[in-house]
Amino acid sequence: MTILTGGCQCGAIRFSCDTDKVSSVSICHCRMCQKAVGNYFAPFVAFEIGGVRWTRGNRKLYRSSNHVSRAFCADCGTPLTYEADGYEPSIAAGAFDDPAALPPTVQYGVEAELPFTEGLASLKRVRTDEGFEGAEFVADVVSNQHPDHDTAVWPLPKA
């Protein structure tokens, strides 16, 4: 059994997942998922029952349809789940501490796929540490984001 961890941006909510219980890793293009994550598409990791354990905090639920709830962190707004009635929550892939460990294998909702998403890989690529034109502040950004690993407490006590 391999356990992967993750959580929201501020660290108020944390989870652990059993990778032996992953049922699919997908990207959904449907309009409801686009709105739920505020993006062009939504990557989710689906689990069999018992595959997800919430280890810190309580997620806030929004009933997005008559069959599905979406969870997010009420403190920082991070989208966290797609929760169909009767199923284990699917976790937003970007909320994992190591999202690269969970590459997608299927795309759903392709009828709503935005026409330019196929060409995203061909766009100019710029590293964050190279900065952005006119945004000199990038060089000295201090992140308040929770680290990509579990911590005993969060936020860390001030020195």
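Residues numbered from 1 in each chain as written. Predicted model: local features only at pLDDT ≥ 70, side-chain atom pairs only at ≥ 80, totals over all residues. Heavy atoms only, no water.

Caption draft 1: Looking closely at the overall build of the protein chain. Looking only at helices and strands, the protein chain features 1 helix and 10 strands. Its C-alpha radius of gyration of 17 Å places the protein chain within 12% of the 15 Å reference for a compact globule of 159 residues. Counting only C-alpha atoms, the protein chain reaches 50 × 45 × 30 Å along its principal axes. Here the protein chain holds 159 residues, and the buried ones make up 35% of them. Across the protein chain, the fraction of contacts at a sequence separation of at least 24, relative to all contacts at a separation of at least 6, is 60%. If you sum the accessible surface of the protein chain, you get close to 10300 Å²; carbon and sulfur atoms cover 54% of it. Distance from the positive charge centre (14 side chains) to the negative charge centre (19 side chains) of the protein chain: 6 Å. (Helix = DSSP H or I, 4+ residues; strand = E, 2+ residues; numbered from the N terminus. Rg over C-alpha atoms; globule rule 2.2 N^0.38 Å. Buried < 20%, exposed > 50% of the residue type's maximum accessible area, 1.4 Å probe, protein only. Contact = heavy atoms within 4.5 Å. Areas by Shrake-Rupley, 256 points an atom, 1.4 Å probe, with all protein chains shown as cover. Lys, Arg positive; Asp, Glu negative; His and termini not counted. Charge placed at Lys NZ, Arg CZ, Asp CG, Glu CD.)

Caption draft 2: Molecular detail of the confidence of the model for the protein chain. For the protein chain, mean pLDDT is 92; residues scoring 70 or higher make up 97% of the total. Taken element by element, the protein chain is modelled with least confidence in helix α1 (residues 31–37), mean pLDDT 95, and with most confidence in strand β9 (residues 90–92), mean pLDDT 98. (pLDDT = per-residue confidence, 0-100.)

Caption draft 3: Spatial organisation of the side chain of His146. Looking at where His146 falls in the secondary structure, it is placed in the segment after β10 (106–108). Judged by its relative accessible area of 4%, His146 is buried. There is a polar contact of 3.1 Å between the side chain of His146 and the side chain of Thr151. Among residues more than four places away in sequence, those in contact with His146 are Cys8, Gln9, Cys10, Gly11, Arg14, Arg56, Thr151 and Trp154. (Polar contact = N/O pair within 3.5 Å; in protein donor to acceptor, adjacent residues only side chain to side chain.)

Caption draft 4: Spotlight on the sheet that holds strand β1 (residues 3–7). Read across the open sheet, the 3 strands follow the order β1-β2-β5; overall the sheet is antiparallel. Each of the sheet's edge strands pairs with one partner strand only, and the pair in question is β1 and β5 (52–56). On average, adjacent strands in this sheet sit at an angle of 25° to one another, irrespective of strand direction. Examined bridge by bridge, β1 and strand β2 (residues 14–18) share 5 bridges and lie antiparallel to one another. In the sheet register, Thr5 faces β2, and the bridge partner there is Ser16. (Pairing = 2+ DSSP bridges. Axes fitted to C-alpha atoms, helices over the stretch in contact; angles between N-to-C directions.)

Caption draft 5: Broad picture of the sheet that holds β9. What the 7 strands build is an open sheet, ordered β6-β7-β8-β9-β4-β3-β10; its pairing is mixed. Each end of this open sheet is capped by a strand with a single partner; those strands are β6 (60–63) and β10. Geometrically, the sheet is characterised by an average inter-axis angle of 30° between neighbouring strands, direction not taken into account.

Caption draft 6: Representation of the pattern of salt bridges in the model. Evaluated as defined, the whole model comprises 4 salt bridges. Ionic pairing is found between Arg14 and Asp150, a salt bridge with its closest N-O pair at 2.7 Å. Of this pair, Arg14 sits in strand β2 while Asp150 sits in the segment after β10; the two residues are 136 residues apart in sequence, bridging distant segments of the chain. What makes Asp150 partly exposed here is its relative accessible area of 43%. One salt bridge in this structure joins Glu83 and Arg59, with 2.9 Å as the shortest N-O distance. (Salt bridge = Lys/Arg side-chain N within 4 Å of Asp/Glu carboxyl O.)

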